[in-house]
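# Topology and contacts: notes
The lines below spell out each chain.
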Amino acid sequence: MKELIKGKLNLLIGIYAIVFAIYSLIGRIMPIAKFITPVNSAFYLMLAGGGALLVCLSMIFDRHILKAKYGKLLIAFILVTVLSAVLNRDYGYRSNMVNICWLIINIALFYTIYMRFEKENLLKWIRITFVVMMSIWIVAVVASIVQYVLQINYLYEVHGQIRRQGFMEGRLFGVFNDPNYAAVTSLYMVAASVWLIKTVNNKFIKTALVLNICLNAVYVILSGSRTALICAAFAIIMYALCYGKNVVLKKNLKTMTMVSAVLLTVVFSLLIFFGLNVSLKKILPKFVVSTEQTSEDEELPPANDALLERPDNTVENISNNRFNIWKGYLEALDGNEIFGLSPRNHMKYIKENSPDGYISQSGYETHNGYLTVYVATGIVGVAVVMLFLMCVIIEFIRIYFTKKELSQSFVFAVLVVGIILINTFFFTELFFVNNITTVLFYSLIGIAFEKKEEELV
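What you see is a predicted model; the values in this text were computed from it and never measured.

## A look at the overall build of the protein chain
A count of helices and strands for the protein chain gives 16 helices and three strands. Evaluated residue by residue, the protein chain yields a buried proportion of 50% over its 457 residues. Accessible surface for the protein chain amounts to roughly 22,300 Å². Of this, 66% is attributable to carbon and sulfur atoms.

## Thoughts on the pattern of salt bridges
The final tally for this structure, using the stated rule, is five salt bridges. Ionic pairing is found between glutamate 429 and arginine 28, a salt bridge with its closest N-O pair at 2.5 Å. Remark: arginine 28 occurs in the loop between helix 1 (2-26) and helix 2 (30-61) and glutamate 429 occurs in the loop between helix 15 (408-423) and helix 16 (436-449); sequence separation between them is 401 residues. Here glutamate 429 and arginine 28 have matching classes, each one buried. Where arginine 116 meets aspartate 62, a salt bridge forms, and the shortest distance between an N and an O atom there is 2.9 Å. Of this pair, arginine 116 sits in the loop between helix 5 (94-110) and helix 6 (119-150) while aspartate 62 is found in the loop between helix 2 and helix 3 (64-67), placing the two residues 54 residues apart along the sequence. Judged by relative accessible area, aspartate 62 falls into the buried class, the value being 3%. Each member of the salt-bridge network shares a partner with another, and the members are Lys69, Glu395 and Arg398.

## Considering the packing of aromatic side chains
This model, assessed by the stated rule, comprises 27 aromatic pairs. Every member of this aromatic cluster is reached through a ring pair, and the members are Tyr16, Phe20, Tyr23, Phe43, Tyr44, Trp102 and Phe110. When the ring centre of phenylalanine 173 is taken as reference, the NZ or CZ atom of arginine 171 above it lies at 5.6 Å. For the cation-ring pair, lysine 245 lies above tyrosine 400, with the distance from its terminal atom to the ring centre recorded as 4.9 Å.

## Notes on the packing of helix 6 against helix 7 (residues 179-199)
The relative placement of two packed helices comes down to the angle between their axes together with the axis-to-axis distance. Interaxial distance between helix 6 and helix 7 falls to 10 Å at its minimum, and their mutual angle equals 130 degrees. As judged from the angle between their axes, helix 6 and helix 7 are oblique. Between helix 6 and helix 7 the crossing geometry is left-handed. Packed against helix 6, whose contacting residues are Leu123, Ile126, Arg127, Phe130, Val131, Met133, Met134, Trp137 and Val141, the element helix 7 presents Ala182, Thr185, Ser186, Tyr188, Met189, Ala192, Ser193, Trp195, Leu196 and Thr199 at the interface.

## Topic: the sheet that holds strand 1 (residues 153-158)
Ordered by their spatial adjacency, three strands build an open sheet running 1-2-3, and the pairing between neighbours is antiparallel. The sheet is open, and its two edges are formed by strand 1 and strand 3 (171-174), each paired on a single side. Mean inter-strand twist for the sheet, computed between neighbouring axes without regard to direction, equals 40 degrees. Pairing analysis gives six bridges linking strand 1 to strand 2 (residues 161-168), with the strands arranged antiparallel.

## Structural notes on helix 7
Structural remark: α-helix, 3.6 residues per turn; residues separated by three or four positions point the same way. Between the first and last C-alpha of helix 7 there are 30 Å, a value that for 21 residues agrees with the 30 Å anticipated at 1.5 Å per step. Among the 21 residues of helix 7, 18 are classified as buried, and the element is accordingly described as predominantly covered. At the N-terminal boundary of helix 7, the capping side chain belongs to aspartate 178, with an oxygen 2.8 Å from the backbone nitrogen of asparagine 180.

## Considering the pairing of strand 3
Both faces of strand 3 are covered, namely the face carrying Arg171 and Phe173 and the face carrying Leu172 and Gly174. In this structure, strand 2 lies alongside strand 3, joined through three bridges in antiparallel fashion. Considered in strand 3, the bridge of methionine 168 is made with arginine 171. A loop of two residues connects strand 2 with strand 3, the two strands running antiparallel in sequence, and glutamate 169 in this loop sits at a positive phi of about 55 degrees.

## Remarks on helix 5
Here helix 5 is 17 residues long and its end C-alpha atoms lie 24 Å apart, about the 24 Å a rise of 1.5 Å per residue gives. Buried within helix 5 are the following residues: Asn96, Asn99, Ile100, Trp102, Leu103, Ile105, Asn106, Ile107, Ala108, Leu109 and Phe110. Contact partners of the buried residues in helix 5: helix 1, helix 2, helix 3, helix 4 (71-87) and helix 16.

Rules used throughout
- Residues numbered from 1 in each chain as written.
- Predicted model: local features only at pLDDT ≥ 70, side-chain atom pairs only at ≥ 80, totals over all residues.
- Heavy atoms only, no water.
- Helix = DSSP H or I, 4+ residues; strand = E, 2+ residues; numbered from the N terminus.
- Buried < 20%, exposed > 50% of the residue type's maximum accessible area, 1.4 Å probe, protein only.
- Areas by Shrake-Rupley, 256 points an atom, 1.4 Å probe, with all protein chains shown as cover.
- Salt bridge = Lys/Arg side-chain N within 4 Å of Asp/Glu carboxyl O.
- Phe/Tyr/Trp six-rings, centres within 6.5 Å; stacked < 30°, edge-to-face > 60°.
- Lys NZ or Arg CZ within 6 Å of the ring centre and 35° of its normal.
- Axes fitted to C-alpha atoms, helices over the stretch in contact; angles between N-to-C directions.
- Parallel < 35°, antiparallel > 145°, perpendicular 65-115°, else oblique.
- Left-handed = near helix turned anticlockwise from the far one by under 90°.
- Contact = heavy atoms within 4.5 Å.
- Pairing = 2+ DSSP bridges.
- Expected span 1.5 Å × (residues − 1).
- Polar contact = N/O pair within 3.5 Å; in protein donor to acceptor, adjacent residues only side chain to side chain.

Remember, this is a structural readout, not a statement about activity or role.
Shown next, in the form of structure tokens:
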């Protein structure tokens, strides 16, 4: 009876993860986000309640989080967050409680998902999820590219905030909530497409996946997201390292020859990447359809080579205010370095105690997920998170050097997790939030270092 209950519980958690991922994804597409606005809060409340119930059932019937690799470090992170919230209770507690609830759901449900299914079934679930997400996302990407070609731009109000849409200020916002988040999401879709190409035999599907890669890559370039380009460069390096290793091992080359071949693969891949990036930036403006009125005898204006130049990209402000933001948060934290200011109360504290400071005046969030952990949970929280990430990275490295051939699922998981970790250095997309990034991060880590990883497809 207990095993039957466990099986049903695992099924519910799997369905929950898929629903959460897809719903979080469509929230990044503004026309859909506006359409679901009336029910958004209620639906997230339902997701939170359902997730909390599943966590309770998991603690009763399987307690996987206590058995998961490095799971105790994540439990320690939860406890530090709770302590920080208690210490800063004078600035409110309800929002911190909700945030902690979501943190527990992410860790207890998504991080343990690799323990809940047989390997083949788990990968099947992930394939289905990504096929659905890619099918939705590519429609939004195509719509955005059309906006670029026709030079459409407008403002959109969603959740009381004004969002820029279409092409403006030298970058393609498209139909998304933010071009940076959208560009990184497109990288997830590219990584998934590369994985699926390696695991399917149908030529039509392979062609569709290649087209999906190309269109998402075009959006990444048009988005003007420097963060996405850095993440893409990392992904190419990692894929080249993994692909190079698998190829040269089959050739039975000597160690030095093997290392040289892998490094050459990396260098060659990067040269292609940067070459394509520069070339496409020169080619893409030629596809713009001018909307300017011209007389019959007047020629259409030539393509503007500076069309994709962002006006906010200057040598004087190369970080786009990030250096000032990071410095402002570090200064505002003075005296609270040990346990921080809690996930949701830090801005209240800063505005009350540093009303004339840069952060109080600007209202910027940290623009750095790791800094967010420091601000929210102090040195103790950062130490726990860094220790967890170090353990994960060391495990990835161990698998890389000890496995004779790396599975495609391992490569895919490492690419997405790596993209997320780099993106987190520039944006608050991972810690103390609940979105498509969190469900992918926690679930894919387990796939990457699952004990019988070599059997994964």
